[in-house]
Amino acid sequence: MPVFSDHPGDKNKESAVNNFDYHNPTRILFGEGEIANIGNYIPAGSKVMVLYGGGSIKANGVYQQVSDALAEFDWVEHGGISPNPKYDELMAAVKTVKEQQVDFLLAVGGGSVADGTKFVAAAAHFEGQDPWDILAKQVPVTRALPLATILTLPATGSEANGNSVVTRGEDKLAFNSPLVFPQFSVLDPTTTYTLPARQVANGVVDAFVHTIEQYLTYPVNSPIQDRFAESLLLTLIEEGPKAMADVGKPAEQQNYDVRANIMWAATLALNTLIGKGVPQDWATHMIGHELTAVLGLDHAQTLAVVLPNLMQAQRQPKREKLLQYAERIWGLNEGDEETRIDVAIANTRAFFETMKVKTRISEYGHGAEVVDTLMAQLERHGMVKLGERGDIDLGRSREILEAAL
Ligand SMILES: NC(=O)c1ccc[n+]([C@@H]2O[C@H](COP(=O)([O-])OP(=O)(O)OC[C@H]3O[C@@H](n4cnc5c(N)ncnc54)[C@H](O)[C@@H]3O)[C@@H](O)[C@H]2O)c1
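What you see is a predicted model, and the numbers here were worked out from it, not measured in a lab.

Moving on, we come to the overall build of the protein chain. A tally of regular secondary structure across the protein chain gives 14 helices and eight strands. With the C-alpha coordinates aligned to their principal axes, the bounding extent of the protein chain is approximately 65 × 50 × 45 Å. The buried share among the 405 residues of the protein chain stands at 58%. Considering only residue pairs separated by 6 or more positions, the protein chain has 78% of its internal contacts joining residues 24 or more positions apart. On the protein chain, the mean spot of the 34 positive side-chain charges and the mean spot of the 51 negative ones are 2 Å from each other.

Structural data, given as structure tokens:
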């Protein structure tokens, strides 16, 4: 299932004229100081709930900016949303939403807070027995509270899409609905100055792999989408290491432009535009979700572990796009084609490693014993025909995981 694709017709069409339905309703307020303007875009008289995570927003001044901007609104807060947001803690927020008659949700944080808030928005109006069915049974969302985000971690694109990923026990599942696109999102690059190296790196790798999932498939005569994707990949390769070099420096020594370029790249990587009219893969994400659920790896860490091995395992079906990727991203246009593909895959791995994200499961202290558990999870979640052609069956996933050890 193309969990991150919101148009079923995007899949499995080889025609050069792939129909699509593009509508992105999220207003973007981009740049330093834009948090101050959010009151203009929240309906007057709304009862607002501010949702956030572990408290980094209190340390870096973002909470204060939000509080100032909401001065004219009646608002409540719900902190403590975990990375890889958990169902039970989100249901606690749903309870408060109902008790307090909240009618607008404001997520302040990274993708976990944004995704969690989307689930709260949908669960608050869910009419069935158990809102978990939105994820487990993919029950369509028919109504949701309006929401917005103030992004502090460029990575997921959640600030401008209808996707949400929620974890319950060892189930990390996704849903997608046009009703949970944020009404607006603030992208102020200065909010990212306090990110630790691990999160800067994770964000760049996540955005890179989002782009790859919508680009590295098979050609459908889509030069515009391809060049959009290539511009994002090249920008992330250029800017990612610069942001890493600035980690921990005070605000006055930070490079605003670097942070701004990464932030905009991450949003465009998954605001649904570059995936329109082209095949999409998403197998790296689906296999990666099991690595987070079972081994607790960060989302981006799982992607860096899976992608190079998926590229290798799928080098025949992806051959034409791999050669294009090798040439346009890594400047490899001479010599034997197999070698160019080998070097492009090696360069991808090296880029992740330059960003200090490990690319092997064993580097996280796990061995071959985890493969059977991961395979059982994939099977249980119906992830048996992954990839742009549905040709990544369980055997191919096992091959990818074994190569990733
Ligand atoms: N909705 C989507 O389209 C989509 C796409 C990809 C991944 N995801 C999901 O998003 C989640 C990951 O989100 P994420 O990568 O944005 O990370 P995150 O939201 O989990 O945040 C990671 C950590 O960074 C901290 N943090 C955030 N902003 C900070 C700041 N400015 N300064 C200091 N610390 C800060 C958080 O408190 C947290 O501890 C995963 O669950 C993943 O599966 C969603």
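Turning to the site of the ligand, a few remarks are in order. Residues in contact with the ligand amount to 28 residues; listed here are only the nearest, Gly 111, Ser 112, Asp 115, Thr 152 and Thr 194. Contact distances for the ligand include 3.0 Å between an oxygen atom and a side-chain N or O atom of Asn 84. Within the backbone of Thr 191, an N or O atom sits 2.9 Å from a nitrogen atom of the ligand. Coverage of the ligand by the protein amounts to 89% of the 870 Å² it exposes when considered alone. Of all the cavities here, the one that holds the ligand is the largest pocket. Every element with two or more residues in the shell around the ligand is listed here: α4 (111-123), β6 (163-168) and α6 (197-213). Here the shell around the ligand spans two domains, since at least three of its residues come from each of domain 1 (27-192) and domain 2 (197-403).

Now for the UniProt feature "domain: Alcohol dehydrogenase iron-type/glycerol dehydrogenase GldA" (unreviewed entry) in the protein chain. Per the UniProt annotation, the sites labelled "domain: Alcohol dehydrogenase iron-type/glycerol dehydrogenase GldA" (unreviewed entry) are residues 25-189. Taken end to end, residues 25-189 is 26% helix and 25% strand, and its first and last C-alpha atoms sit 22 Å apart.

Within this structure, the stated rule accounts for three cavities of 30 Å³ or more. The calculated volume of the largest cavity comes to roughly 70 Å³. Elements with a minimum of two residues in the lining of the largest cavity: α6 and α8 (256-269). Of the residues in the lining of the largest cavity, the class split is seven nonpolar, two polar and one charged. Looking at which domains feed residues into the lining of the largest cavity, each of domain 1 (27-192) and domain 2 (197-403) supplies at least three.

Under the domain assignment used here, the protein chain contains domain 1 (27-192) and domain 2 (197-403). On a C-alpha basis, the centroid separation for the pair domain 1 and domain 2 is 26 Å. Contacts between the two partners involve 27 residues from domain 1, matched on the other side by 23 residues from domain 2. Of the roughly 2100 Å² buried between domain 1 and domain 2, counting both surfaces, carbon and sulfur atoms make up 63%. By the criterion of area lost to domain 2, the three top residues of domain 1 are Pro 154, Glu 170 and Lys 172, representing 27% of everything that side buries.

Before going further, it helps to examine the packing of aromatic side chains. Across all of its chains, the model carries 13 aromatic pairs by this definition. Aromatic side chains Phe 208 and Phe 351 sit 5.1 Å apart centroid to centroid with 45° between the ring planes, which places their arrangement in the tilted category. Here the residue Phe 208 occupies a position in helix α6, and Phe 351 occupies one in helix α12 (residues 337-354), the gap between them amounting to 143 residues. Residue classification places Phe 208 among the buried positions, given a relative accessible area of 0%. Where Phe 208 meets Phe 352, the ring centres are 5.7 Å apart and the plane angle is 90°; that geometry is what we call edge-to-face. Of the two residues, Phe 208 sits in helix α6 while Phe 352 sits in helix α12, which places them 144 residues apart along the sequence. Like Phe 208, the residue Phe 352 is buried in the burial classification. Put simply, the rings of Tyr 87, Phe 119, Trp 132 and Phe 175 touch in pairs and so form one group of aromatic residues. Sitting above the plane of the Tyr 364 ring, Lys 358 keeps its charged end 5.1 Å from the centroid.

What follows is about the pattern of salt bridges. A side chain with one charge can pair with a side chain of the opposite charge if their charged atoms come near. For the structure on display, the rule yields 20 salt bridges. Lys 242 serves as the salt-bridge partner of Glu 239, at 2.7 Å between the closest nitrogen and oxygen. Of the two residues, Glu 239 and Lys 242 are both situated in helix α7 (residues 223-246); the distance of three residues between them amounts to about one turn of the helix. Taking the relative accessible area as the measure of exposure, Lys 242 reaches 43% and is therefore partly exposed. Salt bridges sharing common partners tie together Arg 315, Arg 319, Glu 337, Glu 338 and Asp 342.

A word on the side chain of Asp 115. Examined against the element boundaries, Asp 115 turns out to sit in helix α4. Despite its burial, Asp 115 pairs with no opposite charge; the closest candidate is Lys 118, at 4.6 Å N-O. Reaching out from Asp 115, the side chain makes a polar contact with the side chain of Ser 158 at a distance of 2.6 Å. Within polar-contact distance, the side chain of Asp 115 engages the backbone nitrogen of Val 165 at 2.9 Å.

So, on to the packing of α6 against α7. Direction vectors running N to C along α6 and α7 enclose 170°, while the axes themselves pass 9 Å from each other. When the axes of α6 and α7 are compared, the pair comes out roughly antiparallel. Residues Ala 197, Val 200, Ala 201, Val 204, Ala 207, Phe 208, Thr 211 and Ile 212 of α6 lie in contact with α7, whose contacting residues are Ala 229, Leu 232, Leu 233, Leu 236, Ile 237, Gly 240, Ala 243 and Met 244. In the contact of α6 with α7, the residues fall into 14 nonpolar, two polar and no charged.

Moving on to unusual backbone geometry. Note: most residues except glycine have negative phi, and most peptide bonds are trans. With phi around 55°, Gln 138 is a residue other than glycine that occupies positive phi space. Of note, Gln 138 is situated in the loop between α5 (133-136) and β5 (147-151). The partly exposed category is assigned to Gln 138, whose relative accessible area is 32%.

Conventions and cut-offs
- Residues numbered from 1 in each chain as written.
- Predicted model: local features only at pLDDT ≥ 70, side-chain atom pairs only at ≥ 80, totals over all residues.
- Heavy atoms only, no water.
- Helix = DSSP H or I, 4+ residues; strand = E, 2+ residues; numbered from the N terminus.
- Buried < 20%, exposed > 50% of the residue type's maximum accessible area, 1.4 Å probe, protein only.
- Contact = heavy atoms within 4.5 Å.
- Lys, Arg positive; Asp, Glu negative; His and termini not counted.
- Charge placed at Lys NZ, Arg CZ, Asp CG, Glu CD.
- Near = heavy atom within 4 Å.
- Polar contact = N/O pair within 3.5 Å; in protein donor to acceptor, adjacent residues only side chain to side chain.
- Areas by Shrake-Rupley, 256 points an atom, 1.4 Å probe, with all protein chains shown as cover.
- 1 Å grid on protein atoms, 1.4 Å probe; cavity = no way out; pocket = protein on both sides within 12 Å on 5 of 7 lines; lining within 4 Å.
- Sits in = over half its atoms within 2 Å of the grid points.
- Domains from an automatic or database assignment.
- UniProt positions renumbered as here; feature names shortened; annotations may be inferred.
- Points joined across faces, edges and corners; volume = space filled by probe spheres on them.
- Nonpolar A, V, L, I, M, F, W, Y, C, P; charged D, E, K, R; others polar.
- Buried area = accessible area lost by both parts, 1.4 Å probe.
- Phe/Tyr/Trp six-rings, centres within 6.5 Å; stacked < 30°, edge-to-face > 60°.
- Lys NZ or Arg CZ within 6 Å of the ring centre and 35° of its normal.
- Salt bridge = Lys/Arg side-chain N within 4 Å of Asp/Glu carboxyl O.
- Axes fitted to C-alpha atoms, helices over the stretch in contact; angles between N-to-C directions.
- Parallel < 35°, antiparallel > 145°, perpendicular 65-115°, else oblique.

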